[in-house]
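Architecture and fold: a report
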Amino acid sequence: MSVEEKFDNAKDKVAGKAKEVEGKVTGDKGREAEGKVQNLFGKAKDKFVDAADAVKDKTEDAVDAVKDGIDNLKK
């Protein structure tokens, strides 16, 4: 995950939490719900990026294994 992605996701989580607290304090259920959604959106983006990174790593491992196999066959 890049620094920009981490920052963007953290920004969503913090802003969401702030809106949620603001909504609780003011009694604004809509603002509270909006904050919860934004917070969850930031968390979901974290999970998505982590999953994408894991797939990328596994794909690179598989490509390396195939290349190693081809190199071994050439010997």
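Small disclaimer: the values here were computed from a predicted structure and weren't measured.

This part covers the overall build of the protein. Counting its regular elements, the protein contains two helices and zero strands. Seen along its three principal axes, the alpha-carbon backbone of the protein occupies a region of about 75 × 20 × 10 Å. The buried share of the protein, taken over its 75 residues, is 19%. Contacts in the protein between residues at least 24 apart in sequence constitute 46% of all its contacts with a sequence separation of at least 6. Counting every atom, the protein has about 5700 Å² of accessible surface; 62% of that belongs to carbon and sulfur. Averaging the coordinates of the 17 positive side-chain charges in the protein and doing the same for the 18 negative ones gives two points 3 Å apart.

Together, Asp57, Glu60, Asp61, Asp64, Asp68 and Asp71 give the surface a local cluster of negative charge. Relative to the helices and strands, Asp71 is located in helix H2 (residues 29-74). Given the relative accessible area of 41%, Asp71 is considered partly exposed.

Before going further, it helps to spend a moment on the pattern of salt bridges. Tallied over the entire structure, the rule returns eleven salt bridges. Between Lys45 and Asp8 there is a salt bridge, with the nearest N and O atoms lying 2.8 Å from each other. One end of the pair, Lys45, is in helix H2; the other, Asp8, is in helix H1 (residues 3-26), with 37 residues separating them in the sequence. Residue Asp8 is classed as partly exposed on the basis of its relative accessible area, which comes to 30%. The residue Arg31 makes a salt bridge to Glu34 at a minimum N-O spacing of 3.7 Å. With Arg31 and Glu34 both in helix H2 and three residues apart, the pair spans about one turn of that helix. Its relative accessible area of 26% is what places Arg31 among the partly exposed residues. If you follow the salt bridges from partner to partner, you end up with Asp8, Lys11, Asp12 and Lys45 in one network.

Reading the values: the criteria
- Residues numbered from 1 in each chain as written.
- Predicted model: local features only at pLDDT ≥ 70, side-chain atom pairs only at ≥ 80, totals over all residues.
- Heavy atoms only, no water.
- Helix = DSSP H or I, 4+ residues; strand = E, 2+ residues; numbered from the N terminus.
- Buried < 20%, exposed > 50% of the residue type's maximum accessible area, 1.4 Å probe, protein only.
- Contact = heavy atoms within 4.5 Å.
- Areas by Shrake-Rupley, 256 points an atom, 1.4 Å probe, with all protein chains shown as cover.
- Lys, Arg positive; Asp, Glu negative; His and termini not counted.
- Charge placed at Lys NZ, Arg CZ, Asp CG, Glu CD.
- Patch = residues over 30% accessible without salt bridge, like charges linked within 9 Å, V, L, I, M, F, W, Y side chains within 5 Å.
- Salt bridge = Lys/Arg side-chain N within 4 Å of Asp/Glu carboxyl O.

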